[in-house]
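For reference, the chains in residue letters:
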Amino acid sequence: MISANGSDRPTIRELSNVIIDTMGQDQRQIIAAEDSEEDYLIEFLPIKKKGIHPRMFIVHDITGMATPFMRLGAYMPNEMWAIGDKYFGSVDGFTTVEQMADHYISLIRGVQPHGPYVISGYSMGGLVALVIADKLKKAGEAITHLIIFDSIFIPALERHSLKSSDWTARAIDRISQNFPEIGEKWKVKLSKEIRKNLDAMWELDPPHYDGATTLVVPKDRVWYRTGHASDFDTGADDLNGWEHRLSNLTMKVTPGRHDTMFTPAHVKGLATVLKQIFSEFPTPEVRYSLSLNSYLRVLTKPSS
């Protein structure tokens, strides 16, 4: 893959243009900003800054990249922010999901200091989002909803046995099938990122969580059952194992399969599912803080 300046080292923008094939001018400007440092990835992308509330925060998948979520901005009315790994393609960075969650909470608080929050994550990002929601809730913040996009809970015994499976190679093979234009240098970057995130994921024992949660699964659920992604089987109609950790869980189905949920062919259908989830949020309580004197003045005010 040859970059625009003649180098054989593609920039973040060029890789993103492969992955994000339909985006508006605002999104292109964001991607262009990432060219300032070739090894730097914008970690906090404003998918939609002028949307309605509640706003939603969404965490990257195993690749560490947040740019695929940008397609949602064209179909969702809500303000949305996507979180990526700023250490993309480096062996440095977060060594545990806990570290990752703590840093991402600092990003989220920079935009929204206090709850209620809507936290979400895709695939591995769903695990990170769960830890974020759990930490915020334990800190006394309100969590309106947790949304996990086809994440899977793997029990400890299976998780440890899967350490010997080469998920990295499988992931790179699938990415190469979907995006054959990606060059060898980017495969190396992705391999480092995926390996690093897998190591962190294998060591995580997801917390028990009783907050309102929706698992969004694709209509085509072969991803976890064909050997392309794992050796851990999950039934066609189950909750991806989350009944063992999430006690207030519902499930919704979106078009596509695990690796195509956010692609142009299916993102509009995914947005429809998200709108339905948002429509089911409880109506915020209206709080009144009138002093007694103010209340009395209201009661005694002459009618016009």
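Not measured: the values here are computed from a predicted model.

**Student:** Can you walk me through the overall build of the protein in this structure?
**Tutor:** Helix and strand content of the protein: 9 helices and 7 strands. Per-residue burial for the protein yields a buried fraction of 52% across its 304 residues. Taking contacts inside the protein between residues at least 6 apart in sequence as the whole, the part at least 24 apart equals 77%. Entry remark: accessible area of the protein is about 14500 Å², with carbon and sulfur atoms responsible for 53%.

**Student:** How should the packing of aromatic side chains be read in this particular structure?
**Tutor:** Within a pair of aromatic rings, the relevant descriptors are the distance that separates the centres and the angle that separates the planes. If you walk through the whole model with that rule in mind, you get 10 aromatic pairs. With a centroid separation of 5.8 Å and an interplanar angle of 80°, the aromatic rings of phenylalanine 94 and tyrosine 104 are classed as edge-to-face. Separated by 10 residues along the polypeptide, phenylalanine 94 in the loop between β3 (78–83) and α3 (97–111) and tyrosine 104 in helix α3 bring together distant segments of the chain. Comparing phenylalanine 94 with tyrosine 104, the two get one shared label, buried. Ring plane angle 75° and centroid distance 5.4 Å describe the contact between phenylalanine 149 and phenylalanine 262, whose orientation is recorded as edge-to-face. Here phenylalanine 149 is found in strand β5 (residues 143–149), whereas its partner phenylalanine 262 is found in the loop between β7 (249–257) and α8 (267–279), with 113 residues between them in sequence. In this pair, the class of phenylalanine 149 matches that of phenylalanine 262, namely buried. The ring of tyrosine 209 carries the charged tip of lysine 137 above its face, separated from the ring centre by 5.3 Å.

**Student:** Whenever I open this one, the nonpolar core confuses me. Can you help?
**Tutor:** It is characteristic of soluble globular proteins that their nonpolar side chains tend to be buried jointly. Counting residues in hydrophobic clusters, the biggest one holds 51 residues, and the most contacted among them are Tyr104, Ile119, Val128, Ile132, Leu146, Ile194 and Trp242. What tyrosine 104 contacts, discounting residues up to four positions off in sequence, is Val59, His60, Ile83, Gly84, Asp85, Phe94, Val128 and Ile132. Membership of the second largest hydrophobic core comes to 27 residues, among which are Ile42, Phe69, Val216 and Ala271.

**Student:** Sorry, what's going on with the confidence of the model for the protein here?
**Tutor:** In regions of low pLDDT, the predicted coordinates are not meant to be interpreted in detail. Residues at a pLDDT of 70 or more form 71% of the protein, whose mean pLDDT is 79. The low-confidence segment residues 1–40 (pLDDT under 50) makes 76 contacts with residues lying over four places distant or belonging to another chain. Between residues 286–300, whose pLDDT stays under 50, and residues either more than four places distant or in other chains, the model counts 0 contacts.

**Student:** Looking at this structure, how should I read the sheet that holds β7?
**Tutor:** Across a sheet, strands are paired by hydrogen bonds formed along the backbone, either parallel or antiparallel in direction. Taken in spatial order, the 7 strands line up as β1-β3-β2-β4-β5-β6-β7 in an open sheet, and their pairing is mixed. Since the sheet does not close on itself, it has two edges, and those belong to β1 (44–48) and β7, each with one partner. For this sheet, the mean angle separating the axes of adjacent strands, direction not counted, is 25°. Each of β2 (52–59), β4 (117–122) and β5 touches helix α4 (residues 124–138); the most contacted strand, β4, lies at about 155° to it. The strands that α8 touches are β2, β3, β4, β5, β6 (213–220) and β7; relative to β7, the one it contacts most, it runs at about 165°.

**Student:** Sorry, what's going on with α8 here?
**Tutor:** Think of an α-helix as turning once every 3.6 residues; residues three or four places apart then point the same way. Over its 13 residues, α8 runs 18 Å from end to end, which matches the ideal 18 Å to within 8%, given 1.5 Å per residue. When α8 is considered as a whole, its buried residues turn out to be Val267, Leu270, Ala271, Val273, Leu274, Ile277 and Phe278. Along the axis of α8, the buried positions cluster into a sector of 160°, meaning they face one direction only. Along α8, the residues that are exposed and aim more than 90 degrees away from the buried face are Lys268 and Ser279. Elements that come into contact with the buried residues of α8 comprise β2, β3, β4, β5, β6 and β7.

**Student:** I tried to follow helix α7 (residues 184–203) on my own but got confused; where do I start?
**Tutor:** Between its first and last C-alpha, α7 extends 29 Å over 20 residues, near the 28 Å set by a 1.5 Å rise per residue. Within α7 the residues assigned to the buried category are Trp186, Lys189, Leu190, Glu193, Ile194, Lys196, Asn197, Leu198, Ala200, Met201 and Trp202.

**Student:** Got a minute to help me understand the pairing of β5 in this structure?
**Tutor:** Regular strands have side chains that alternate between both faces of the sheet. Counting buried positions along β5 gives 6 out of 7 residues, so the element sits mostly inside the fold. Here β4 pairs with β5 via 6 bridges, running parallel. What sits directly across from valine 118, in β5, is histidine 145. Handedness of the β-α-β unit built from β4, α4 and β5 comes out right-handed. The pairing of β5 with β6 spans 4 bridges and is parallel. Across the sheet, residue phenylalanine 149 finds its bridge partner in β6, namely valine 216.

**Student:** Honestly, the pattern of salt bridges in this entry has me stumped. Any pointers?
**Tutor:** In this structure the tally under the stated criterion is 13 salt bridges. The residue lysine 135 makes a salt bridge to aspartate 102 at a minimum N-O spacing of 3.1 Å. On the criterion of sequence distance, the pair formed by lysine 135 in helix α4 and aspartate 102 in helix α3 is long-range, its members being 33 residues apart. Overall, the relative accessible area of 23% leaves lysine 135 in the partly exposed class. Through salt bridges with shared partners, one network takes in Asp85, Glu193 and Lys196.

What counts as what
Residues numbered from 1 in each chain as written. Predicted model: local features only at pLDDT ≥ 70, side-chain atom pairs only at ≥ 80, totals over all residues. Heavy atoms only, no water. Helix = DSSP H or I, 4+ residues; strand = E, 2+ residues; numbered from the N terminus. Buried < 20%, exposed > 50% of the residue type's maximum accessible area, 1.4 Å probe, protein only. Contact = heavy atoms within 4.5 Å. Areas by Shrake-Rupley, 256 points an atom, 1.4 Å probe, with all protein chains shown as cover. Phe/Tyr/Trp six-rings, centres within 6.5 Å; stacked < 30°, edge-to-face > 60°. Lys NZ or Arg CZ within 6 Å of the ring centre and 35° of its normal. Core = buried A, V, L, I, M, F, W, Y, C linked by side-chain atoms within 4.5 Å. pLDDT = per-residue confidence, 0-100. Pairing = 2+ DSSP bridges. Axes fitted to C-alpha atoms, helices over the stretch in contact; angles between N-to-C directions. Expected span 1.5 Å × (residues − 1). Arc of directions from axis to C-beta. Right-handed = clockwise from strand over helix to strand, strands pointing away. Salt bridge = Lys/Arg side-chain N within 4 Å of Asp/Glu carboxyl O.

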